[in-house]
Amino acid sequence: MSQKETYTLCHTLMDSMHWQLMVIISKACKIIWFCSLHRKMKNDLRTMLQGVIGKSRGQLVQILYPKCNQQLDSWKCGFYVMCWIKTIIRAVITDDWNERFKSTSPIPEDTIRQIRQEWTAYLLQRWS
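Right, let's walk through the structure included here. Remember, it's a predicted structure, so these values are computed and weren't measured experimentally. (Residues numbered from 1 in each chain as written. Predicted model: local features only at pLDDT ≥ 70, side-chain atom pairs only at ≥ 80, totals over all residues. Heavy atoms only, no water.)

### Here's the deal with the nonpolar core
Consideration 1: One finds Val23, Phe34, Trp84, Ile88 and Trp97 to be the most contacted residues of the largest nonpolar core, which totals 19 residues.
Consideration 2: Counting residues per element, the ones that place at least two in this core are β2 (18-25), β3 (30-34), α2 (77-90) and α4 (109-127).
Consideration 3: Of all the elements, α2 adds the most residues to this core, at 6 residues.
Consideration 4: In contact with Trp84, other than residues within four places in its own chain, are Leu21, Phe34, Cys35, Ser36, Cys68, Asn69 and Phe101.
Consideration 5: Counting 13 residues, the second-largest nonpolar core is a separate cluster that includes Ile31, Trp33, Val61 and Ile63. (Core = buried A, V, L, I, M, F, W, Y, C linked by side-chain atoms within 4.5 Å. Buried < 20%, exposed > 50% of the residue type's maximum accessible area, 1.4 Å probe, protein only. Helix = DSSP H or I, 4+ residues; strand = E, 2+ residues; numbered from the N terminus. Contact = heavy atoms within 4.5 Å.)

Okay, structure coming up:
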């Protein structure tokens, strides 16, 4: 791994096409896992990450599962990931994950709509 301290990755399960968010803090040997269906990280992914992150430091990777918003439908997981990324970046969240993320309530429709509009505006500006 590089010397960068924190990595933010979107991860999708190919068998279910469900997006999840993984924040890797390599120096602390820590992974913060966000899933709008509240699923835990699969063992094969955990094992692979342990080999990549933990082995080089001689530590076990700690995985945190903060309370995060739970989706009620079957297609908005990508918007949930974008909302969490936006929250993490704007609030400069680097620790206290369990204190900062406490709500399991669904993300309100107006917030989803705002995320769509922001991305649409960005993409239109960028590529038109």
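### Regarding the pairing of β3
A regular strand carries its side chains on alternate faces of the sheet.
Consideration 1: Of all 5 residues making up β3, 4 are buried, and the element is well covered by its neighbours.
Consideration 2: In the sheet, β2 pairs with β3 via 5 bridges, with the strands oriented antiparallel. By the bridge assignment for β3, Met22 is matched with Trp33.
Consideration 3: The antiparallel hairpin formed by β2 and β3 contains 4 residues in its connecting segment, where Cys29 sits at a positive phi of about 55 degrees.
Consideration 4: Across 3 bridges, the pairing between β3 and strand β4 (residues 62-64) is parallel. Bridging across to β4, Ile32 finds its partner in Leu64. (Pairing = 2+ DSSP bridges.)

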